[in-house]
Each structure stands twice: as C-alpha cells, then as structure tokens.
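# Structural overview
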Amino acid sequence: MDANEYGALTEEMRQAYQNYNPRRDALAEARALLTLAAEKAMAAGALPAAELPAFIVEIPADVKNGDVASNLAMAGARAFKKAPRQIAEALLAHLPALENSIFSKAEIAGPGFINLFLSPAWFSSVVYGATLNGQYGRTGYGGGEAVNVEFVSANPTGPMHLGNARGGALGDCLAAVLDWAGYNVTREFYVNDAGNQIQKFGKSLSARYLQLYQGEQAVPFPEDGYQGEDIKALAKEFAALHGDALVEAAEEARRAALIGYALPKNIAGLERDLAKYRIHYDVWFRESALHDSGAVQAVVDRLLASGACYKAEDGAVMYKSAQFTEKYGAANKKRDEDEVKDEVLVRANGIPTYFAADIAYHYNKLAVRGFSRAIDIWGADHHGHVARMKGAMDAVGLDGEKLDIVLMQLVNLMKDGKPVRMSKRTGKAITLSDLLDEAPIDSTRFFFNMREAGSAMDFDLDLAVREDSENPVYYVQYAHARICSILKKLAAEGVQYEGPVAWAGVQFAEPAELDLIRAVSAFPAEIVLAAQKYDPARITRYVIDLAGAFHKFYNTCRIKEAEPAVRQARMALCLAVKQVIANVLTMFKITVPESM
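### Quick word on the nonpolar core
With 151 residues, the main nonpolar core has L178, F459 and F523 as its most contacted residues. Ranked by residue count, the leading element in this core is helix α23 (residues 564-587), at twelve residues. With sequence-adjacent residues up to four places away left out, F459 is seen in contact with V411, N412, L413, M414, L435, A439, S443, T444, F447, F448 and A464. Listed in part, the 32 residues of the second largest apolar core include V299, L303, V386 and A392.

### Remarks on the packing of helix α22 (residues 537-556) against α23
One can describe the packing of α22 onto α23 by two numbers: an axis separation of 11 Å at closest approach and a directional angle of 155°. Relative to α23, the element α22 lies roughly antiparallel. Where α22 crosses over α23, the two elements pack in a sense that is left-handed. Touching I539, Y542, V543, L546, F550 and F553 of α22 are R570, L573, C574, V577, V580, I581, V584 and M587, all from α23. Per-class residue counts for the contact of α22 with α23 are 13 nonpolar, no polar and one charged.

### Notes on the pattern of salt bridges
This structure, assessed with the given rule, holds 32 salt bridges. Here R558 ties to E561 by a salt bridge, and the two come within 3.8 Å at their closest N and O atoms. Taking relative accessible area as the criterion, E561 reaches 56% and is therefore assigned exposed.

### Thoughts on the sheet that holds strand β14 (residues 418-419)
Pairing is mixed in the open sheet, where three strands are placed in the order β14-β13-β15. Each of the sheet's edge strands pairs with one partner strand only, and the pair in question is β14 and β15 (457-460). When strand β13 (residues 411-415) meets β14, the two strands line up antiparallel, connected through two bridges. Pairing of M414 across the sheet is with P419, part of β14.

### Some thoughts on the pairing of β13
Direction of pairing for β13 relative to β15: parallel, over a ladder of four bridges. Counted as the bridge partner of M414 is D460 from β15. Between β13 and β14, which pair antiparallel one after the other, the connecting turn spans two residues, and D416 there sits at a positive phi close to 55°.

### A closer look at unusual backbone geometry
We note that S153 has phi near 40°; this positive angle belongs to a residue other than glycine. Checked against the element boundaries, S153 lands in the loop between β5 (146-150) and α7 (162-180). At R278, a residue that is not glycine, the phi angle is positive and equals roughly 70°. Secondary-structure assignment places R278 in the loop between α10 (251-276) and β7 (283-286). In this structure R278 comes out as partly exposed when scored by relative accessible area, which is 24%.

### Some details on the sheet that holds strand β8 (residues 309-311)
Taken in spatial order, the three strands make up an open sheet running β8-β9-β10, and their pairing is antiparallel. Among the strands making up the open sheet, the edge pair consists of β8 and β10 (343-346). Pairwise comparison of adjacent strand axes, ignoring direction, gives a mean angle of 40° for this sheet. Bridge count for β8 against strand β9 (residues 317-319) is three bridges, and the pairing is antiparallel. The residue bridging C309 from the neighbouring strand is Y319, located in β9.

### A closer look at helix α5 (residues 84-93)
Those residues of α5 that sit buried are I87, A88, A90 and L91. Axial view of α5: buried residues confined to an arc of 160°, hence all on one face. Against the buried residues of α5 lie α2 (22-44), α3 (72-75), α4 (77-80), β3 (103-109) and β4 (113-118).

### A look at the packing of helix α21 (residues 523-533) against α22
At a minimum axis separation of 8 Å, α21 and α22 run at an interaxial angle of 155°. Between α21 and α22, the crossing angle belongs to the class labelled roughly antiparallel. Contacts between α21 and α22 involve F523, E526, I527, L529, A530 and K533 from the first element and R538, I539 and Y542 from the second. In the contact of α21 with α22, the residues fall into six nonpolar, no polar and three charged.

### Section: the side chain of N115
The residue N115 is located in strand β4 in this model. Looking at N115, its side chain comes within polar contact range of the main-chain oxygen of N65, at 3.1 Å. When near neighbours in sequence (up to four residues on either side) are disregarded, N115 contacts N65, G66, V68, A69, K105, A106, E107 and A109.

### A short note on the state of the cysteines
Covalently bonding the sulfur atom of one cysteine to the sulfur atom of another cysteine gives a disulfide. Taken as a whole and judged by the stated rule, the model has zero disulfides. There is no disulfide at C484, and the cysteine sulfur nearest it, in C574, is 10 Å away. What makes C484 buried here is its relative accessible area of 10%. Not part of a disulfide, C557 finds its nearest cysteine sulfur in C574, a span of 9.6 Å. Here C557 falls in the buried class, since its relative accessible area comes to 2%.

### Quick notes on the packing of aromatic side chains
Following the criterion strictly, the structure yields 23 aromatic pairs and no others. Between Y319 and F324 the ring centres are 6.0 Å apart and the planes differ by 10°, which places this aromatic pair in the stacked class. F324 matches Y319 in its accessibility class, with the two residues each being buried. Centroid distance F448 to F459: 5.0 Å. Interplanar angle 40°. Geometry classified as tilted. Placement of the pair is F448 in the loop between α17 (441-447) and β15 and F459 in strand β15, with a sequence separation of eleven residues. Taken as a pair, F448 and F459 share a single burial class, namely buried. Its guanidinium or amino end placed over the ring of F55, R31 lies 4.5 Å from that ring's centre, counting from NZ or CZ. The ring of F355 carries R388 above its face, with NZ or CZ at 3.8 Å from the centroid.

Reading the values: the criteria
Residues numbered from 1 in each chain as written. Predicted model: local features only at pLDDT ≥ 70, side-chain atom pairs only at ≥ 80, totals over all residues. Heavy atoms only, no water. Core = buried A, V, L, I, M, F, W, Y, C linked by side-chain atoms within 4.5 Å. Buried < 20%, exposed > 50% of the residue type's maximum accessible area, 1.4 Å probe, protein only. Helix = DSSP H or I, 4+ residues; strand = E, 2+ residues; numbered from the N terminus. Contact = heavy atoms within 4.5 Å. Axes fitted to C-alpha atoms, helices over the stretch in contact; angles between N-to-C directions. Parallel < 35°, antiparallel > 145°, perpendicular 65-115°, else oblique. Left-handed = near helix turned anticlockwise from the far one by under 90°. Nonpolar A, V, L, I, M, F, W, Y, C, P; charged D, E, K, R; others polar. Salt bridge = Lys/Arg side-chain N within 4 Å of Asp/Glu carboxyl O. Pairing = 2+ DSSP bridges. Arc of directions from axis to C-beta. Polar contact = N/O pair within 3.5 Å; in protein donor to acceptor, adjacent residues only side chain to side chain. Disulfide = S-S within 2.5 Å. Phe/Tyr/Trp six-rings, centres within 6.5 Å; stacked < 30°, edge-to-face > 60°. Lys NZ or Arg CZ within 6 Å of the ring centre and 35° of its normal.

Honestly, it's all geometry; don't read function into it.
Right, here's the structure in full:
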C-alpha cells in the first residue's frame, strides 16, 4: 500500500467514525438480532405467534458473563406461554449467524437471560474511533435543537458568592455537555439591572455618598440598604471624580447619577471575574431591555386578554397563580397559608413586580427568540418558584414543560476539616474572587462538577491545592501527562505510532486492555446521559474511572517490550485514552498538561 492509498484509507476510516457511539450501536444491534431471532422462531413454529413484548437490552455492571444482556425470554413468558429458558433456547436456535455482526457468541444464563459477547473486531473499532476522530464523544443526539442555558445571573449590586461559583461551573459545563451531545447551545447571563434591587442599590449609594460629606450621624443608612464595603468603595470613587457636586442635588437625580456610575462598573466586574473563571457568555440579557421595549407590559396584556389575570379594585393586576401552578407540583405559598393565593403582577401604582419581568424574560426566550428549551440553574432556595414559573409559561400560551429548572444545593467551604465562613483577606463572606485566589481554577471547575446539582457538597480547599493522586483533577491530568511521556520516550527510541494499518491483525485479549477499551467505549453514551439528566458530574466521575483503568492497564500490559504489532496496538489504545481525557478536560475548560 503506497502513501496515497494509506492516506485515502485512513481518511475513509476517519469519516466512518464521526459521531461514533459504540455502546449505543452495540445495544441497537443486539436488539435487532434478538428481534429477528424471535420473528424467525415464530415463523418456524418454535414459538407461538404473538406480539413481541417490550424487553430490555443493556450493558451489565459485571461483564464476565457477557457484554450485553437481555431479558427478552423472561419478558416473553406470558406472550409465548412457555418457560423463559425454553424461549431463550428457541431464540438462540434461530439467532442469525454472528459472523457479520459485532458479536462473537451468545449464551443463556440462569432462568433465561440471554448474554452476548462482543467480538475482537468491536474492541478494535472502539480504538479506531477514538484515535481517528479528534472529536470522539461528540454525538448528533440533540439534532441541533436550540437550547438556552441561563446560569449565575448574579445580582449586579454586589460581588458573587460561593453559590455563584458552583452555579458557574455547573452551568458552563452543562452547556458544554449539551453542545457535545449535538444541541445548539446559547450561554446566557440575565442582568437584573431594573426593579427594586436597583432602587435599593441607588438608595444605599446615595446614603454612603452623603455620609462622606455630612457624616454618618447626619445621614442615617437605610434599614434595607446594602451594607457591603463595596458600596462604600463605589461612593468614594464617585466622590473622587465628582466631589460634592451632587450633595445638594435632588435625591432622585443623585441616585440616578450614582447608579449610572456604579452599575456598569459592577457589571464589568462580573464579566471580569467570570472570564477569570473561564466562563464566557453568548448573551448578556438586560432586564431593563424588557421594560424599555414594552415587553413586560405586552405579556401582562396577553395574560389579561386570556383571563389568566384580572384587575383588582385598587387597580393592581392579579395573576391566577393556583390555576396554572398545580400541574407542576409544589406551589409558592407561605407556610401559614392553606392555598395558593393570586399574585400581584403589576402593583396599584403601575409598577410591575419582578415576577412580571421574569415571565416576560422567559417568554422572550421561548417565543420571541425561539429556543426549543430553556434551562435555568437556580439555587435550591428558589424551589418554591419552579411550579409558578412553569405554570406562567402555560398561562402565557407556551408550554411550561419546555422550561427546565436545575436546582443547586449549597456549598460548604472546608479547610483543615473545618468550615470556612470568612475570607482571610477581607474578613467578609467569601466571594467567587476570593475562592479563585485560594484554589486553582482547574480544581474549582472540576470539584464543583463532581456531585450532581441536587446534592449539597463540601469544597475541600486543602485537597484542591494538592498535587498528588488524592486530588481528582490532578489524578486525571496525570494520566494524560503519563501517556504523553510514554509516547515521547518511545519516539526518542525511534518508535512512532504508524496508524491503524500497523496493527490491523492484532486482537486485544488481556483483561486490562479489554476493560480499558470498554471504558473508552462508554464516553459518547455518558455524554448523552449527562445531557439527558442535566448532570455534567457524570463526566467527571467517568473520566476519573477512565484514568484508573488506564493506570491499571499500564501496570499490567507492557508496551515498549511487546512484539511490534502488539506494541502498535497498545500505543493506539494509549492514544485513544489520551484523546478522551483531552476531550473531557477541554470540554470543561480545564488545563490539559503534557508533563507534570
């Protein structure tokens, strides 16, 4: 084979392995074979004619008795009126020849389980797929469906906290998983730059500004004001630029000027801190745009026209919350209330509530911009708002099922085995910026995606900075660096990987090889499951297991000393694992080291 023929063959193989999902394909082929066997058995009279029952085809946790297992024989006992073992024997007797399939044999186990064993060719194909496709793991499952993932959306009146740190890593990595699963993903930050919190922000800034010139005794601070040192700092910065020019100004004018100065600075700070955290949004959507464009009023008018809202005697617009909330479970009601009460959407003074703007915002996502699904990451303390928000989508003429809320539990920051409440640097509550000064970003992004969102978690600062196998992200990164080192040493001795043709006749047979290939094969399926369940933690757990399987393989199977063709096959397996680890780390925006 000359160089041109070899190149053409390699390119043909590379194209064949785009969107390759070996586990999915194995399960689909097993189901097809068993279905055909049942049809042939019925046609031959070995089984009575009957509608084929629903049955399971799965990859068992323990593969020593087979790589794929099915309960078809037991599921068919009632339909076929036979013992499961007899049904299984009839099915295997009529199973199509396996020579042209990805299976090498089929067996019956126990009362009638059917187990199929994958062929050596399948194990080789997994390695081909992972080495020839730099995007191995990426699938077309989502079909290009447009989804919006909104996360963090921190209040711009102050710094981000630990919950935002977890929500940032969770949202960004979930968006990455959805992208790899074949969705068209938009990352979005909702800027709450309107409403009551901004008025409170202006009131707080105004008081701190006046105190600089008139003293704290003369200017009482609002009881509901923002107490943070950041408010004082912003007031001082403004005063340094403008002096006392606004001391005698009207209160509203002074607040507007202070907000006009401080809010853009805070929003820029959010962008800066999130960029340091490796989070970059496609859209920064401002709440004020909904008010300025009339979108909030348009949604209120729509709800009034449909009868979902009505005007109270005092002129307030009330929303019939209970009517639309019940479908989605727990309602947002006070503990001392027996039932959900109608909610205010527009106050008697004509000012819309935050809920009105929130309905307009989600209407904009689903109806105006046309996302087929909107996914929000919320703190668990907002659980009572889930049903009301989904119900509101129904009320406004959309489908509440197209709005998915991922609820995220609290984070406990730990050091020396004890909770950490305050920053050593500032003496105040720990912010995202503080955390990123204390812990490596690689560890932070990885750690926050090691448990599903609904589980509370402890973030161990001591573990995050360790550079040994106890640190999970270091353990995974080391596996990648170790493979790079292995290949570099072989290259220094004149041994290069020569491509798939160089080991075409080799069959992987060592248990550690087969276990590692099975782990590699799971990657695309894990991507799909993580996307279905909105759980990127599946991927971090998966890659930790993959790294462990690689270390076991390396300690069991010699590479350098192996016969040349076997050495090439094992080098290919190393490259496959290297590619998967690199894809996971890159997907999650974690450093991919070649040496450690």
